[in-house]
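Spelled out from the first residue to the last, the chains are:
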Amino acid sequence: MALSDDKRNPAADPGTVQSSPAGGSDMASDIDEVMKKYDRESNTRIWTGMPKTITTAVMCLFSLYCIWSTLFSTAALEIRLTLFLGGVIIMGYLYYPSSKRHVKPNRMPWYDWVIMLVGASCFFYYAIRYPVLSRTLTSATKMTTLHTVIGIIGLLTVFELCRRCVGVPILCVLGALLIYTFATGLPIKRLIYTLFFSTGGVIGTPAQVCAKFIVVFIVFGAFLERTGISAFFIDLANKVAGWAAGGPAKVAVISSALCGMVSGSSVGNTVTTGSVTIPMMKKTGYRPEFAGAVEAAASTGGQIMPPIMGAAAFLMAEYMGIPYAQVALKAILPAVLYFTGIFIAVHLEAKKMNLKGLPKSQLTPWKKLLAQVYLLLPLIILVWLVSTNKRTMAFAAAVSIVAAIAVGLPGIFLREKETAGAGSSFVAKGIKEAGHTILSSLEAGGRGTITVAVACGVAGCIAGCITATGLASKLITGIVAVSRNSVFIALFLTMLCCIVLGMGVPTTANYCIMASTCAPILIKMGLPAVCAHFFVFYFGIVADITPPVALAAYAGSAIAKSNPMKTGVNATKLAIAAFIVPYIFAYSPALLFENLSGWWQVLQIAATSIIGIFGVAACLNGFLFRKIPIVLRVVILAGGLALMYPSTITDIIGIVVVGAVVAIQLLLSKRSAAAA
């Protein structure tokens, strides 16, 4: 689900229901290889037999504990967080080897057992001794040698797990900050106290939000996937747009926008829906590089798609001090512009190549789709509970989990009834399969929590170093000086920081770092806090499709069997709206429903922005009824950009310019047709 950075391998998960083309086993194998190549989280230990049963039980119990703790626990925050991270360490070392070369069935080196047990014990010690520590360990000066050793071991255990399941880039950022911290002369005891024993480090705001909200929604996403909703979304998108020109690519845009709310990962969503849509696009006539790019660009947008967004959205709500429902509401128009931009680019490419849609015989009948509408019930319940704000987010997720189980059961029993032999009972098999589905969902939820929790813990340490050294204020002073109070230069520099950092850091951790460093700079420059935080959020996400490290695009290219770099470049061009929209709401906060003068202002900004994105997309594609001459491409680009600048004068100029180019192209096209 889009509430996590979880990049689970759908092919390896028997509980996931998804459409697949012919040769399903071969496709599942291909997906597995793609995930292992482009997704560090897919390189896991292999457990079979009794060891697998034990590890599954650990994951399930952890998920149940997290749900119980979130809903009912009254223990101190520090106790709940250290127990949470201790459990994550146990699961993490059981699941992730030190290297993919060390993966052997039912094998875990002795040193991993030692690291796991000692590291988890450090956090459990904190939880058990907290009543005493809260009275005696009130500052760094009160720390003993034992406390220092426990803190160092606990932190190193988290950092090593981060290397295994998240990657090295975020540790490079942390390492640079630690070196800077020591260079400022900060005592080691104070640093350990800040990063381990206070709520400003590994158990800081990111970990708190993860334990309080994100983990429950990850579990909900795991249950939701097993209801068959992903297949329903793909069939629905096929019915809505599959028949149109270049239909499969439009299906990819719509289905990825919807499935992105469930899968929670740019790479995971790309390979899940891409295994269906990319072969369809290639068969229709799209170039492999374009097919892979469409899926990657659309899948990446799943994390910004309301009403259920990425894990970073929960952190945004916490950092900005507003309800999550408001964050989702403010994200509506930017998300619409993002997917509209991709849809326009796909349509222009289809017209350029004179591609057709799918035959109506291949589309799922409305009758069958309407019979599956009940699959949306968990999402409807979740949105209703969140929007009314009458219950906590955790309660809303818990109720939605129950709803997901309820809507998933009919499908399970129906499948068992259809496959049951004559005279055999399908009830017992259905009950067994339902139990397996619940357990696999709980296991997937616990597994999906590992990387998000570890990334949040490390991000908290990064924020702790920044706070302890006062680096944030120094950065603000430096950027303001470099930009000479130019908001555009500050925005541009922030964009570069977000994209570069996002090339190796999960969205959640990327946002945490940017929220601690760059967002305050933009706020200092005069941007509303909401605009500043959305700005860094957006550019952290598009790093997944921005070369040279465009993991989602490379995953799409592997399925499409295309050139990875060309696929990444195409994905960047398709998602051009994601690079422009943040600047629009930075200069026009009304797009985020901030500082509104009236509904007409929102309508004007949305309408002119869509026309502007159309102009930019036409320029990049080079086709509008016919091939666009280079001069007119430059002109329509200028008109499109003018429409995106918040000014009535530029809007009028942009509409006139874009309209003129459209009219000229239409006239030339008709003349060419008449001459032929």
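Analysis parameters
- Residues numbered from 1 in each chain as written.
- Predicted model: local features only at pLDDT ≥ 70, side-chain atom pairs only at ≥ 80, totals over all residues.
- Heavy atoms only, no water.
- Helix = DSSP H or I, 4+ residues; strand = E, 2+ residues; numbered from the N terminus.
- Buried < 20%, exposed > 50% of the residue type's maximum accessible area, 1.4 Å probe, protein only.
- Contact = heavy atoms within 4.5 Å.
- Salt bridge = Lys/Arg side-chain N within 4 Å of Asp/Glu carboxyl O.
- Bend = angle between axes of the 7 residues up to and from the residue.
- Disulfide = S-S within 2.5 Å.
- Phe/Tyr/Trp six-rings, centres within 6.5 Å; stacked < 30°, edge-to-face > 60°.
- Core = buried A, V, L, I, M, F, W, Y, C linked by side-chain atoms within 4.5 Å.
- Axes fitted to C-alpha atoms, helices over the stretch in contact; angles between N-to-C directions.
- Nonpolar A, V, L, I, M, F, W, Y, C, P; charged D, E, K, R; others polar.

Caption draft 1: A look at the environment of L527. Take L527: it is sitting in the loop between helix 22 (507-524) and helix 23 (529-541). Accessibility expressed as a relative area gives 8% for L527, which makes it buried. With 61 residues separating them in the primary sequence, L527 and S588 have C-alpha atoms 9.9 Å apart. If we skip the residues at most four places from it in the chain, L527 touches V487, L491, L522, A532 and A586.

Caption draft 2: Looking closely at unusual backbone geometry. Within the chain, K561 stands out as a residue other than glycine whose phi angle is a positive 55°. The topology assignment puts K561 in the loop between helix 24 (551-560) and helix 25 (564-574).

Caption draft 3: Local environment of the pattern of salt bridges. Counted by the stated rule, this structure contains seven salt bridges. Of the charged contacts in the structure, one is a salt bridge between R45 and D112, with a shortest N-O distance of 2.5 Å. In this pair, R45 sits in the loop between helix 1 (24-38) and helix 2 (49-72) while D112 sits in helix 4 (residues 110-136), placing the two residues 67 residues apart along the sequence. As far as burial versus exposure is concerned, R45 and D112 are alike and both buried. For E160, the salt bridge is made with R164, and the minimal N-O distance between the two is 2.8 Å. Residue E160 and its partner R164 are both found in helix 5 (residues 145-165); the two are separated by four residues, about one turn of the helix. Overall, E160 belongs to the partly exposed group, its relative accessible area being 21%. On the accessibility criterion, R164 (4% relative accessible area) is buried. A cluster of three or more residues bridged by salt bridges with shared partners is formed by R45, D112, E160, R163 and R164.

Caption draft 4: Spotlight on helix 4. In the structure, helix 4 departs most strongly from a straight axis at Y130, where the bend amounts to approximately 75° and where the proline P131 lies between one and four residues downstream. Contact partners of the buried residues in helix 4: helix 3 (77-95), helix 5 and helix 7 (188-197).

Caption draft 5: Focus on helix 24. By the criterion of burial, helix 24 is predominantly enclosed, with eight of the ten residues buried. Where helix 24 ends, the next residue or the one after it, K561, has phi of about 55°, a positive value.

Caption draft 6: Representation of the state of the cysteines within the structure. Evaluated as defined, the whole model comprises zero disulfides. Unpaired in this structure, C66 has its nearest cysteine sulfur neighbour in C210, at a distance of 8.2 Å. We note that C497 lacks a disulfide partner, and the nearest cysteine sulfur, in C518, lies 4.5 Å from it. Take C497: its relative accessible area is 38%, and that puts it in the partly exposed class.

Caption draft 7: The arrangement of the packing of aromatic side chains in detail. Under the criterion given, the structure shown has 26 aromatic pairs. Relative to F290, the ring of Y286 has its centre 5.3 Å away and its plane inclined at 10°; by these criteria the two rings are stacked. Given a relative accessible area of 3%, Y286 falls into the buried group. Residue F290 is classed as buried on the basis of its relative accessible area, which comes to 4%. For the pair Y587 and Y645, a centre-to-centre distance of 6.3 Å together with 45° between the ring planes defines the contact as tilted.

Caption draft 8: Here's a closer look at the nonpolar core. The biggest cluster of nonpolar side chains holds 198 residues, and the ones touching the most others in it are F84 and F196. Beyond its immediate sequence surroundings of up to four residues, F196 is in contact with C122, F123, Y126, I150, G151, G154, L155, V202 and I203.

Caption draft 9: Representation of the packing of helix 5 against helix 6 (residues 169-183) within the structure. The contact between helix 5 and helix 6 brings their axes to 8 Å, and the two run at 145°. Across the interface between the two elements, F159, C162 and R163 from helix 5 touch I170, L171 and L174 from helix 6. In terms of residue class, the contact of helix 5 with helix 6 is built from five nonpolar, no polar and one charged.

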